[in-house]
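# Descriptive structure summary
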Amino acid sequence: MNLPDLKKAKERTTNKVEYKDLKITESKDFLGKKYFLRTYGCQMNEHDGEEIEAILTYLGMTPCEELEMADVIVLNTCAIRENAHDKVFGYLGRIKHLKKERPDVIVCIGGCMSQESSVTTELKERHPYVNIVFGTHNIHELGPMLLDARKDHQEIKVYSKEGEVYEHVPYERASKITAWVNIIYGCDKFCTYCIVPYTRGKERSRKLEDVVKEVLSLKEQGYQEVTLLGQNVNAYGHDLDESLEFSDLLEAVAKTGIARIRFVTSHPWNFTDKMIDVIANYKNIMPYIHLPLQSGSNRILKLMGRKYTKEEYVTLFKKMKERIPNVAITTDIIVGFPGETNEDFLETLDVVDACQFDGAYTFIFSPREGTPAAKMKDETPLKEKEERLYTLNQKINEYSKKANERYLGKITPVLLLGVSEKDKTKLYGYTDTMKLVNVATGKENIGKILDVKITDAKSFSLDGEEMKKESVG
Ligand code: 5AD
Ligand code: SF4
């Protein structure tokens with residue numbers, strides 16, 4: 001049994017990264033069995049889910065949509081806020097019930113929650129019917145763990161490693177059009193509210209040539225878009241070579257000629273001019289940046305350990321808007337950080353007014369055990385925090401509607417991804433600036449980038465129609 005260790009997860013003692021080749025376990029032991037996978041959280045977790053799917057597929061299993069039908073259940077968890085925890089423990093209630101009726105079902109928990117010692121303790125003491133617990137550093141061990149699993153036994157294998165990167169990871173990708181590509185794992189920023197540096201470990205970059213190779217292979221397979229993934233993409237490369245930075249990677253990926261390139265997430269602290277120039281210079285790098293603000297109060301930013309002031313944020317924001325034509329910028333904001341006063345909150349609203357974001361994800365501060373902010377004095381009642389969130393959301397929605405309205409009557413390229421959930425006669429897709437568009441056009445256009453005329457603008461989406469090419473003669 002290997003249990004997570006918060007102290008070890010905090011260590012940043014080595015700059016050495018070990019690059020290893022992942023050997024996937026192939027077996028027929030699970031041939032014909034069904035798996036149920038549920039993934040919570042960010043894109044990084046979604047992408048990990050694609051690795052989990054590949055592992056289960058190599059064992060001979062096929063997916064199913066109903067928990068009750070499954071032979072193997074995997075919950076790929078998120079730890080960012082308490083409600084993510086609650087969802088998983090809520091789900092475990094259903095699974096416990098199921099296990100009583102069908103004791104042969106194998107239950108597995110992976111992802112960020114597994115990296116927390118409080119969670120593994122709770123699983124050990126109160127949920128012994130969970131058979132396998134694996135972490136973010138050893139997803140590849142899920143295969144061997146499943147082959148060894150016994151219905152009445154719990155095996156916990158979670159590590160807190162600093163420097164390992166696996167290459168040749170197989171993915172069962174959810175889409176044939178857009179793909180996620182990891183470029184840097186982990187985070188060394190240690191923002192005081194955030195659990196990620198503990199659950200995901202030290203920052204470690206993939207080699208530039210390995211990323212480029214993966215993008216080229218995706219392009220050959222017909223993919224139109226890649227999203228480069230990292231908790232903080234700006235940190236890319238510093239552990240490989242002092243002179244290598246994210247802009248070098250971005251440029252190398254742009255030169256592969258893949259149609260669309262995106263990246264998430266960017267920290268405002270070390271977003272260099274060179275990065276802005278590269279984004280502006282390459283047509284296939286999409287003019288869309290997710291730039292978390294977190295707070296508009298310098299006092300709170302300092303308490304959060306964010307390493308920038310609101311003035312620096314706004315200056316960077318304006319520079320991006322000036323230099324990157326038509327750029328859309330979205331953000332993340334936390335309200336109710338410990339000690340946040342109404343004045344601090346009003347300063348956040350001021351920055352929102354100054355930036356008029358295209359969109360934002362907004363959250364109430366959630367204390368995460370083991371992080372510095374969880375120990376800070378927090379006297380604001382929840383009701384007041386909820387009111388702040390409501391006020392903020394009103395403003396955010398107003399600006400995203402305004403940003404969408406700018407598209408009315410314009411013609412813009414849209415990458416079409418599939419049939420719209422709301423209206424089956426339409427397809428949905430995204431503009432280069434990451435606006436969701438529902439387009440009246442035929443299914444044969446899935447996977448294509450079409451010129452679309454925008455006919456309606458709402459807060460969260462646009463409607464459009466395909467621009468028919470004029471026939472000549
Ligand atoms: N409480 C609330 N929101 C959080 N985030 C990260 N940690 C917390 C927390 N403890 C938010 C941040 C981050 C986004 C992914 O989640 O805004 O950018
Ligand atoms: Fe968390 Fe800050 Fe790292 Fe983002 S940069 S993952 S908010 S510690």
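Computed from a predicted structure; not experimentally measured.

To continue, consider the pairing of strand S13 (residues 260-264). Most of S13 sits out of view: 5 of its 5 residues are buried. Both faces of S13 are covered, namely the face carrying Arg260, Arg262 and Val264 and the face carrying Ile261 and Phe263. In terms of handedness, the path from strand S12 (residues 225-229) via helix H8 (residues 246-254) over to S13 forms a crossover that is right-handed.

All right, on to the site of ligand 1 then. As a matter of local geometry, ligand 1 sits amid Ile80, Arg81, Tyr193, Gln294, Asp332, Ile334, Phe363, Ile364, Phe365, Ser366 and Arg368. Backbone polar atom of Ser366 to a nitrogen atom of ligand 1: 2.8 Å apart, as the coordinates give it. Burial of ligand 1 by the surrounding chains reaches 86%, relative to a free accessible area of 400 Å². Counting residues per element, the ones that place at least two in the shell around ligand 1 are strand S15 (328-335) and strand S16 (359-364). Residues belonging to the shell around ligand 1 are distributed by class as follows: 6 nonpolar, 2 polar and 3 charged.

This part covers the site of ligand 2. In the region of ligand 2, the neighbouring residues are Cys187, Lys189, Phe190, Cys191, Tyr193, Cys194, Val196, Pro197, Gln231, His267 and Arg306. Per-class residue counts for the shell around ligand 2 are 7 nonpolar, 2 polar and 2 charged.

Before going further, it helps to examine unusual backbone geometry. Omega for the bond connecting Val264 with Thr265 falls within 30 degrees of zero, at -5°, which places this linkage in the cis form. Phi is positive for Gln294, close to 70°, though the residue is something other than glycine. By the secondary structure assignment, Gln294 is in the loop between strand S14 (288-290) and helix H10 (298-304). For Gln294, a relative accessible area of 7% puts it in the buried group. The backbone phi angle of Gln356 is positive, close to 45°, even though this residue is not glycine.

Take the domain arrangement of the chain next. We note that the domain assignment places domain 1 (6-157), domain 2 (175-286), domain 3 (290-405) and domain 4 (411-466) within the chain. Taking only C-alpha atoms into account, the centre of domain 3 sits 30 Å from that of domain 4. Between domain 3 and domain 4, the contact holds 9 residues from the first and 9 residues from the second. Overall, the association of domain 3 and domain 4 removes approximately 720 Å² of surface from exposure, summing both partners, and the carbon and sulfur fraction of that is 47%. Counting the contacts that link domain 3 with domain 4 gives 1 salt bridge. Of the charged contacts in the structure, one is a salt bridge between Asp358 and Lys435, with a shortest N-O distance of 2.7 Å. Counting residues per element, the side of domain 3 that touches domain 4 draws most heavily on helix H13 (residues 382-405), at 6 residues. For the side of domain 3 that touches domain 4, the per-class residue count stands at 2 nonpolar, 4 polar and 3 charged.

Moving on, we come to the nonpolar core. Residues Leu228 and Phe246 are the most contacted members of the largest nonpolar core, which totals 53 residues. Not counting residues up to four positions away in its chain, the partners in contact with Leu228 are Val181, Ile183, Val233, Phe246, Leu249, Leu250, Val253, Ile261, Arg262, Phe263 and Val264.

It is worth spelling out helix H11 (residues 310-323) at this point. Residues separated by three or four positions in an α-helix point in the same direction, a consequence of the helix having 3.6 residues per turn. When the terminal C-alpha atoms of H11 are compared, their 20 Å separation across 14 residues agrees well with the 20 Å that a helix rising 1.5 Å per residue should span. Inspection of H11 places Lys310, Tyr313, Val314, Leu316, Phe317 and Met320 among the buried residues, and these make up the whole buried set. Projection of H11 onto a plane perpendicular to its axis shows the buried side chains occupying an angular sector of 160°, all on one side. Across from the buried face of H11, at angles greater than 90 degrees, the exposed residues are Thr315 and Glu322. Those residues of H11 that are buried lie in contact with helix H9 (273-281), S14, H10, S15 and helix H12 (342-355).

Let's shift gears to the sheet that holds S15. Reading across the sheet, the 3 strands line up as S14-S15-S16 and stay open at both edges, with parallel pairing between neighbours. Edge positions in the sheet fall to S14 and S16, since each of these pairs with one other strand and no more. The average undirected angle you get between the axes of adjacent strands in this sheet is 10°.

Bringing the side chain of Thr256 into the picture now. Mapped onto the elements, Thr256 comes out in the loop between H8 and S13. On the basis of relative accessibility, which here comes to 8%, the residue Thr256 falls in the buried class. A distance of 2.6 Å separates a polar atom in the side chain of Thr256 from the backbone oxygen of Val253. Other than its neighbours up to four places away in sequence, Thr256 contacts Val212, Val215, Leu216 and Lys219.

What follows concerns the pairing of strand S20 (residues 449-457). Here 5 bridges tie strand S17 (residues 411-419) to S20, and the two strands are oriented antiparallel to one another. Counted as the bridge partner of Ile411 is Lys453 from S20. Pairing geometry for S20 and strand S21 (residues 462-466), over 5 bridges, is antiparallel. Within S21, the position partnered with Ala457 by the bridge is Leu462.

Scanning the entire structure with this criterion turns up 32 salt bridges. Arg94 is the partner of Glu68 in a salt bridge, and the nearest nitrogen-oxygen pair spans 3.4 Å. Linking Glu68 in the loop between strand S3 (62-63) and strand S4 (72-77) with Arg94 in helix H3 (residues 82-101), this pair joins segments that are 26 residues apart in sequence. A relative accessible area of 40% means that Glu68 is categorised as partly exposed. Judged by its relative accessible area of 42%, Arg94 is partly exposed. One salt bridge in this structure joins Arg368 and Glu82, with 2.8 Å as the shortest N-O distance. With Arg368 in the loop between S16 and H13 and Glu82 in helix H3, this residue pair connects regions lying 286 residues apart in the sequence.

Parameters at a glance
Residues numbered from 1 in each chain as written. Chains lettered and ligands numbered in written order. Predicted model: local features only at pLDDT ≥ 70, side-chain atom pairs only at ≥ 80, totals over all residues. Heavy atoms only, no water. Buried < 20%, exposed > 50% of the residue type's maximum accessible area, 1.4 Å probe, protein only. Helix = DSSP H or I, 4+ residues; strand = E, 2+ residues; numbered from the N terminus. Right-handed = clockwise from strand over helix to strand, strands pointing away. Near = heavy atom within 4 Å. Polar contact = N/O pair within 3.5 Å; in protein donor to acceptor, adjacent residues only side chain to side chain. Areas by Shrake-Rupley, 256 points an atom, 1.4 Å probe, with all protein chains shown as cover. Nonpolar A, V, L, I, M, F, W, Y, C, P; charged D, E, K, R; others polar. Domains from an automatic or database assignment. Contact = heavy atoms within 4.5 Å. Buried area = accessible area lost by both parts, 1.4 Å probe. Salt bridge = Lys/Arg side-chain N within 4 Å of Asp/Glu carboxyl O. Core = buried A, V, L, I, M, F, W, Y, C linked by side-chain atoms within 4.5 Å. Expected span 1.5 Å × (residues − 1). Arc of directions from axis to C-beta. Pairing = 2+ DSSP bridges. Axes fitted to C-alpha atoms, helices over the stretch in contact; angles between N-to-C directions.

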